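Given next are the chains, with one letter for each unit.
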Amino acid sequence: MTIRITTLDNDLRVITDDIPGIATAALGLWVEVGARNEPAAINGVSHFLEHMAFKGTTTRSALEIVEAIENVGGSLNAYTSKENTAYHARTLADDVPLALELIADIIQNSVFDEKEIAREREVILQEIGQAVDTPDDIIFDHFQGTAFAGQPLGRAILGTPEIVRSLSREDLQGYMTREYTAPRMVFAAAGAVDHDHIVDLCQKRFTTLATHPTEKYQKASYQGGHFYEKKDLEQVHILVGFESCSYGDPDSYPLAIFSSLLGGGMSSRLFQEIREKRGLVYTISSFNSPFRDTGLFTIYAGTGEEKTKELLPAIKGVLEDFPGTLQEEEIARSKAQLKAGLLMGLERTASRCEKLAQHMMIYGRPIPYQEIIEKVDAVTKEDIISVATRLIARPPTFTALGPGGEIRW
């Protein structure tokens, strides 16, 4: 494994991980632009823009884009998050130049045809409708909207139907011109790749990226609070959480272990107490979602209406009992799970590629896996108790969706 980094004259960062002995590669362009960069009036534009990138360029139609990559057995896709948008591909080694050229083409030469915009608008409206009809999906939008009320970080990635219907060709093009700049981009590749070749291809293909300064995102201000929506469902879907920490915060490692101990697997405390001993839920889990300047620690559970009165006190009990009952053997098990998950990810080129890009955007350098493992191993029992105690003392965010009367944390 050889990781190398080059910054081009336009400030596009190129990072590669050459992995011997395999015949495939994962590659893509990550842009430090997501839903939290959007003005309220055009919420959802980042996601709409991601869709439109595949709908035709000055050199290819939408069909020709997908045929080009699928003719060689590869794949080309994208996603939008709160803070990033990614355009990524997987292909055989010989077809890396084609995949890179396709990514460069859709980023620099999209035509935003009015007919395609109208068609894709309907697709996105269907996507929003599907999310609304999926309670264990839409509940997360309500949760973030409550935790960061009235802020970009609290808005839905997909936007609202009203705004999506109003977004114009000028909105899409203007947003891309303002926000999609080379200094905000990382091109990453992992697998059967040669760094110098990737750099040469990037220099030849990414020639028209904007380089002007861009505004920083609005700093988040955690609000917390309560949200409940009565809905005709079989189960009540519940999220409870607290403000946590950002990427790179020293608390992030003990917090990861706390999350694993609390609700990270079938041996976790929540699973054992709430599902195995009490039979109150089918699914219960906890996880941390870090951002650049803050984070959210979240517990999710779904249960029948008649079980909610018992469920919430039971979850509170697990949280309250945790600091005084933590055992070293639990800590060792959670550390092993975290390290195993990290090392298993090394077996997938797509996972390696994404980690390279994420590390460059967040930390400005790739974080060696051994460094991560050492930091996990260095976490003490006292570190975990300290983080857990401070976390659950913070103002909570509680959201619930389902049948019955209103419930509160």
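Placed above this text is the structure.
First, a word on what this report is: a plain description of the structure on this page. (Residues numbered from 1 in each chain as written. Predicted model: local features only at pLDDT ≥ 70, side-chain atom pairs only at ≥ 80, totals over all residues. Heavy atoms only, no water.)

Re the environment of Ser244
Alright, step 1. Relative to the assigned elements, Ser244 resides in the loop between β8 (236–243) and α9 (252–263).
Alright, step 2. The sequence separation of Ser244 and Thr134 amounts to 110 residues, and the corresponding C-alpha distance is 26 Å.
Alright, step 3. At 2.5 Å, the side chain of Ser244 and the side chain of Asn288 are in polar contact. (Helix = DSSP H or I, 4+ residues; strand = E, 2+ residues; numbered from the N terminus. Polar contact = N/O pair within 3.5 Å; in protein donor to acceptor, adjacent residues only side chain to side chain.)

Description of unusual backbone geometry
Alright, step 1. Residue Asp11 is not a glycine yet carries a positive backbone phi of 80°.
Alright, step 2. Note on placement: Asp11 falls in the loop between β1 (2–7) and β2 (13–18).
Alright, step 3. Of note in the backbone geometry, Phe112 takes a positive phi value of approximately 55° without being a glycine.

Some points on the pairing of β1
Alright, step 1. Bridge count between β1 and β2: 6 bridges; the pairing is antiparallel. Bridging from a neighbouring strand, Arg4 pairs with Thr16 of β2.
Alright, step 2. Between β1 and β2, which pair antiparallel and follow one another directly, the connecting turn spans 5 residues, one of which, Asp11, has a positive phi of 80°. (Pairing = 2+ DSSP bridges.)

Details of the packing of aromatic side chains
Alright, step 1. Under the definition given, this model contains 9 aromatic pairs.
Alright, step 2. Measuring from ring centre to ring centre gives 6.4 Å for Tyr87 and Tyr180, while their planes differ by 65°; the resulting arrangement is edge-to-face. Taken together, the residues Tyr87 in strand β5 (residues 85–92) and Tyr180 in the loop between α7 (169–179) and β6 (185–191) connect sequence positions 93 residues apart. Here Tyr87 matches Tyr180 in class, with each residue buried.
Alright, step 3. With 6.4 Å between their ring centres and 25° between their planes, Phe398 and Trp409 make a pair best called stacked. Here Phe398 is found in strand β11 (residues 396–402), whereas its partner Trp409 is found in the segment after β11, with 11 residues between them in sequence.
Alright, step 4. For Phe398, a relative accessible area of 2% translates into the label buried.
Alright, step 5. Judged by its relative accessible area of 24%, Trp409 is partly exposed. (Phe/Tyr/Trp six-rings, centres within 6.5 Å; stacked < 30°, edge-to-face > 60°. Buried < 20%, exposed > 50% of the residue type's maximum accessible area, 1.4 Å probe, protein only.)

With respect to the pattern of salt bridges
Alright, step 1. Tallied over the entire structure, the rule returns 23 salt bridges.
Alright, step 2. Here Glu32 makes a salt bridge to Arg13, at a shortest N to O gap of 2.7 Å. With a gap of 19 residues between them, Glu32 in the loop between β3 (24–31) and α1 (45–52) and Arg13 in strand β2 connect regions that are remote in the sequence.
Alright, step 3. Judged by its relative accessible area of 15%, Glu32 is buried.
Alright, step 4. Ionic pairing is found between Glu406 and Arg408, a salt bridge with its closest N-O pair at 3.6 Å.
Alright, step 5. Among the charged side chains, a salt-bridge network with shared partners connects Arg13, Glu32, Arg36, Glu83, Arg292 and Asp293. (Salt bridge = Lys/Arg side-chain N within 4 Å of Asp/Glu carboxyl O.)

Comments concerning the environment of Asn71
Alright, step 1. Mapped onto the secondary structure, Asn71 falls in the loop between α2 (62–70) and β4 (75–80).
Alright, step 2. Classification of Asn71 as exposed rests on a relative accessible area of 67%.
Alright, step 3. As for Asn71 and Pro152, which are separated by 81 residues in sequence, their C-alpha atoms are 40 Å apart.

Side note on the sheet that holds strand β7 (residues 225–230)
Alright, step 1. In space, the 5 strands of this open sheet follow the order β7-β11-β8-β10-β9, with mixed pairing throughout. With one partner strand each, in any of the chains shown, β7 and β9 (283–290) form the two edges of the open sheet. With strand direction ignored, the average angle separating the axes of adjacent strands in the sheet is 10°.
Alright, step 2. On the sheet, α9 packs against β9 and β10 (295–303) and is oriented at approximately 170° with respect to β9. (Axes fitted to C-alpha atoms, helices over the stretch in contact; angles between N-to-C directions. Contact = heavy atoms within 4.5 Å.)

Thoughts on the packing of helix α10 (residues 269–277) against helix α11 (residues 308–325)
Alright, step 1. For the pair α10 and α11, the least separation of the axes is 10 Å and the interaxial angle reads 145°. As α10 packs across α11, the resulting crossing turns out to be right-handed. For the pair α10 and α11, the contacting residues are Arg269, Leu270, Glu273 and Ile274 in the first and Leu311, Ala314, Ile315, Val318, Asp321, Phe322 and Thr325 in the second.
Alright, step 2. The residue makeup of the contact of α10 with α11, split by class, is 7 nonpolar, 1 polar and 3 charged. (Left-handed = near helix turned anticlockwise from the far one by under 90°. Nonpolar A, V, L, I, M, F, W, Y, C, P; charged D, E, K, R; others polar.)

Focus: the nonpolar core
Alright, step 1. In terms of nonpolar packing, the biggest core is built from 55 residues, with Leu12, Tyr87, Phe187 and Phe206 touching the most fellow members.
Alright, step 2. When residues in this core are grouped by element, the largest group, 8 residues, is from helix α3 (residues 96–108).
Alright, step 3. With 43 residues, the next largest nonpolar core counts Val236, Ile257, Val376 and Val387 among its residues. (Core = buried A, V, L, I, M, F, W, Y, C linked by side-chain atoms within 4.5 Å.)

What about α1?
Alright, step 1. The element α1 is largely enclosed, with a buried count of 8 among its 8 residues.
Alright, step 2. Listing the buried residues of α1 in full gives Val45, Ser46, His47, Phe48, Leu49, Glu50, His51 and Met52.
Alright, step 3. Buried residues along α1 sit in contact with β4, β5, α4 (114–132), α6 (161–166) and α7.

Section: the packing of α2 against α3
Alright, step 1. Running from N to C, α2 and α3 cross one another at 160°; their axes reach a closest spacing of 10 Å. When the axes of α2 and α3 are compared, the pair comes out roughly antiparallel. Judged by the sense of rotation from one axis to the other, the crossing of α2 with α3 is left-handed. Across the interface between the two elements, Ile65, Ala68 and Ile69 from α2 touch Leu98, Ala99, Leu102 and Ile106 from α3.
Alright, step 2. Looking at side-chain class alone, the contact of α2 with α3 contains 7 nonpolar, no polar and no charged residues. (Parallel < 35°, antiparallel > 145°, perpendicular 65-115°, else oblique.)

In short, shape yes, function no, at least from these values alone.
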